[in-house]
Amino acid sequence: MPLVAIAHGEQVREGQPFGVRIAGQDLVLCRVEGEIYALDGVCPHVGGPLAHGALHGRMLVCPWHAWEFDCVTGEHDRHPACRLRTYPVTQSDGQVWVTLD
Ligand code: FES
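Just so we're clear, the structure is a prediction, and the values are computed from it rather than from any experiment. (Residues numbered from 1 in each chain as written. Predicted model: local features only at pLDDT ≥ 70, side-chain atom pairs only at ≥ 80, totals over all residues.)

### Focus on the sheet that holds strand β5 (residues 54-56)
Then step 1. Taken together, the three strands give an open sheet; going across it, the order is β5-β6-β7, and neighbouring strands pair in antiparallel fashion. The outermost strands of the open sheet, each flanked by one partner alone, are β5 and β7 (68-70). Neighbour-to-neighbour, the strand axes of this sheet turn through a mean angle of 25 degrees, independent of strand direction.
Then step 2. Bridge analysis of strand β6 (residues 59-61) against β7 gives three bridges, and the strand direction is antiparallel. When the bridges of β7 are listed, methionine 59 appears paired with aspartate 70. (Pairing = 2+ DSSP bridges. Helix = DSSP H or I, 4+ residues; strand = E, 2+ residues; numbered from the N terminus. Axes fitted to C-alpha atoms, helices over the stretch in contact; angles between N-to-C directions.)

And the structure:
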């Protein structure tokens, strides 16, 4: 599994989803209480761009129809079986690294 540097840590701010496109895949990074989480950036409903949504605490809100996902677990707030894929994140030397498939 490749470990990929995808952002500088200071680019990912509390309350502001940060979108990244890497290897043809859209991801969204969310910082919650200092920790950074990486998730699929495309909403499983009908494809809303989650990087353009809102981040309320640890809940990522889709900009199209307001589905909400826990950015720590990826779970939909009312239907836990519906979830965004999450990716392991590490921070080193100011960089954000994500482990992709
Ligand atoms: S596309 Fe995300 S809630 Fe509809």
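### Brief notes about the sheet that holds strand β10 (residues 95-99)
Then step 1. The three strands lie next to each other as β1-β10-β9, forming an open sheet whose pairing is antiparallel. Either end of the sheet is taken by a strand with one partner, and the two such strands are β1 (3-8) and β9 (89-92). Looking at each pair of strands side by side, their axes are set apart by 30 degrees on average, direction ignored.
Then step 2. Across four bridges, β9 lies against β10 in antiparallel orientation. In the sheet register, threonine 90 faces β10, and the bridge partner there is tryptophan 97.

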